[in-house]
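A structural walkthrough
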Amino acid sequence: MLFAPSGALAISMAMKLARLATGRHKTLSMWDSFHGASLDAISIGGEAAFRRNMGPLLPGTEHAPPCDPASCPFRCGERCALRCAEYVDYVLDREGDIGAVIIETVRSTDVQVPPPDYYRIIRRACDRNGTLLILDEIPICLGRTGTMFAFEPYDMLPDMVVMGKGLGGAVFPMAALIARRELDVAADRALGHYTHEKSSIGCAAALATLEVIENEGLLEKSRAQGATALQRLRQLKDSHPVVADVRGIGMLFGVELARDGRPASEVAERAMYASLARGLSFKVGQGNVLTLSPPLTIAPDELDRALDILDAALAEVEGLRVLR
Ligand SMILES: Cc1ncc(COP(=O)(O)O)c(C=O)c1O
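Sequence order sets the numbering: in each chain, residues are counted from 1 along the sequence as written. Two thresholds apply to this predicted model, a pLDDT of at least 70 for residue-level local features and 80 or more for giving and counting side-chain atom pairs, whereas whole-chain, interface and lining totals are computed over all residues.

Quick word on the overall build of the chain
- Comment: elements are numbered from the N terminus, with helices defined as DSSP H or I runs of at least four residues and strands as E runs of at least two. Across its full length, the chain holds 9 helices and 12 strands.
- In terms of C-alpha radius of gyration, the chain reaches 20 Å, essentially the compact-globule figure of 20 Å for 324 residues.
- By residue count, 44% of the 324 residues in the chain fall in the buried class.
- Contact definition: two residues whose C-beta atoms, as placed from backbone geometry, lie within 7 Å. For the chain, restricting intrachain contacts to residue pairs at least 6 apart in sequence, the fraction spanning at least 24 positions comes to 71%. In this treatment the radius of gyration is a C-alpha quantity, and the globule benchmark scales as 2.2 Å times the residue count to the 0.38 power. Once C-beta atoms are placed from the backbone, each residue is buried if 20 or more other C-beta atoms lie within 10 Å of its own, exposed if 12 or fewer, and partly exposed for counts between those two.

Now the structure itself:
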């Protein structure tokens with residue numbers, strides 16, 4: 001385990017370790033993904049807002065379509081046929097010298113949760129091709145999805161996991177790279193070496209975070225409270241025509257807005273400001289998905305109030321359209 005003061009830097013260490021361990025510099029990652037804002041992280045990231053007009057990015061950083069029904073080029077239809085996972089296998093096999101596949105286990109910007117078999121196929125493809133599997137769980141491990149690590153329900157193990165954000169109790173910059181024991185091959189190299197990489201306050205915050213997760217049963221709470229909140233969000237979908245889809249896992253929720261079958265980005269932004277005015281803050285992902293990630297320690301009545309605010313904000317923005 002190696003520490004770093006930010007998620008992007010921990011990703012950078014993972015990329016370096018993959019090069020050292022495999023002797024290969026190439027990576028395969030996903031379009032529309034986010035792994036941090038530094039040049040190496042945007043090279044494997046897939047968001048145009050970070051990449052466009054930035055000049056040459058790292059060589060050998062190849063990309064594949066993510067598991068995302070909204071942008072799927074394989075047109076699987078109603079049910080995902082996992083052609084995106086098969087495509088990863090195809091690219092690894094054709095290219096032959098890709099060192100690492102890097103994926104956000106669950107894409108948190110708009111809450112894309114791949115089906116159960118997705119990672120089984122990817123893991124098998126990596127094993128067949130001598131490629132390492134690196135999972136970016138920076139915003140979602142430590143209970144956000146209802147388990148300590150988001151990959152746990154997929155019944156396979158990655159070669160490396162990158163964590164961050166919540167590791168410092170969400171207030172102190174603290175990230176980490178965890179790798180399989182066999183990847184402990186860099187004793188004579190500097191993968192990190194950052195001024196604040198082993199900050200004593202950061203480590204105290206991380207230990208306190210782990211203690212609170214255990215002592216307050218936050219994993220079970222995330223699953224139970226998350227299921228209740230998701231039920232309520234589904235009711236919002238029934239009462240607000242602008243809500244096209246509601247997704248959730250643990251305490252991570254995505255509320256996708258659309259009008260006439262098209263992403264309703266303007267409405268999403270207005271809903272965010274209408275919520276902010278009432279005291280509720282959240283992010284908008286991929287333009288039209290309201291992404292809610294309440295603290296795992298939230299009290300049930302606070303969560304209820306947050307959903308009341310969202311309900312009222314959606315009613316307001318839908319009303320605005322009628323008034324126009
Ligand atoms: C999936 C993912 N990876 C990497 C990062 C980068 O972390 P940091 O901002 O600490 O560099 C983030 C931050 O939002 C993230 O969500």
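After presenting the structure, the write-up continues.
A closer look at the domain arrangement of the chain
- When its domains are assigned, the chain resolves into domain 1 (2-214) and domain 2 (218-323).
- The source of the domain bounds is an automatic or database domain assignment. Centre-to-centre, using C-alpha coordinates, domain 1 lies 27 Å away from domain 2.
- Residue-level contacts link 16 residues of domain 1 with 19 residues of domain 2.
- Residue polarity is assigned by list, with Asp, Glu, Lys and Arg as charged and Ala, Val, Leu, Ile, Met, Phe, Trp, Tyr, Cys and Pro as nonpolar; anything else, Gly included, falls into the polar class. Class assignment of the residues belonging to the side of domain 1 that touches domain 2 gives a composition of 7 nonpolar, 6 polar and 3 charged.

Quick notes on the site of the ligand
- Nearness is defined per residue: the C-beta atom, placed using the backbone, must lie within 6 Å of the molecule or strand. The full set close to the ligand counts 14 residues, and Ser-6, Gly-7, Ala-8, Gly-36 and Ile-138 are the nearest of them.
- The biggest single contributor to the shell around the ligand is helix 1 (residues 7-22), with 3 residues.
- For the shell around the ligand, the per-class residue count stands at 6 nonpolar, 6 polar and 2 charged.

Regarding the nonpolar core
- Residues of type Ala, Val, Leu, Ile, Met, Phe, Trp, Tyr and Cys that are buried and joined through C-beta atoms within 7 Å form what is called a nonpolar core. Judged by nonpolar contacts, the single largest core of 85 residues is most densely connected at Ala-10, Ala-14, Val-101, Ile-134 and Val-162.
- Counting residues domain by domain, this core receives three or more from each of domain 1 (2-214) and domain 2 (218-323).
- Residues in contact with Val-101, not counting those within four places in the same chain, are Leu-28, Val-88, Ile-122, Cys-126, Thr-131, Leu-133 and Ile-134.

Considering the pairing of strand 8 (residues 243-249)
- Strands were regarded as paired on the criterion that DSSP finds at least two bridges between them. Bridge count for strand 8 against strand 9 (residues 252-259) is 6 bridges, and the pairing is antiparallel. Each bridged residue has a counterpart across the sheet, and for Arg-247 the counterpart in strand 9 is Gly-254.
- As consecutive antiparallel partners, strand 8 and strand 9 are separated by 2 residues, and within that stretch Gly-250 has a phi angle of approximately 55 degrees, a positive value.

Let's talk about the packing of helix 4 (residues 83-95) against helix 5 (residues 118-129)
- Orientation is described by lines fitted to C-alpha atoms, with helices fitted over the stretch in contact, and by angles between N-to-C directions that extend from 0 to 180 degrees. Across the interface, helix 4 lies against helix 5 with an axial gap of 8 Å and an inter-helix angle of 10 degrees. Considering the angle they form, helix 4 stands roughly parallel to helix 5. Together, Ala-85, Glu-86, Val-88, Asp-89, Leu-92 and Asp-93 of helix 4 and Tyr-118, Ile-121, Ile-122, Ala-125 and Asn-129 of helix 5 make up the contact between the two elements.
- Split by residue class, the contact of helix 4 with helix 5 holds 7 nonpolar, 1 polar and 3 charged. The cut-offs work like this: below 35 degrees is roughly parallel, past 145 is roughly antiparallel, 65 to 115 is roughly perpendicular, and the gaps in between are oblique.

Observations regarding the environment of Ser-43
- With respect to the helices and strands, Ser-43 occurs in helix 2 (residues 39-44).
- With near-sequence residues (within four places) excluded, Ser-43 lies in contact with Leu-57, Leu-58 and Thr-61.

Brief notes about the pairing of strand 7 (residues 175-179)
- Burial analysis of strand 7 places 4 of its 5 residues in the buried class, which makes it a mostly covered element.
- Here strand 1 (residues 2-4) pairs with strand 7 via 3 bridges, running antiparallel. Following the sheet pairing, Phe-3 is matched in strand 7 by Ala-176.
- The pairing of strand 6 (residues 160-163) with strand 7 spans 4 bridges and is classified as antiparallel. Looking across to strand 7, one finds that Met-160 is bridged to Ala-179.

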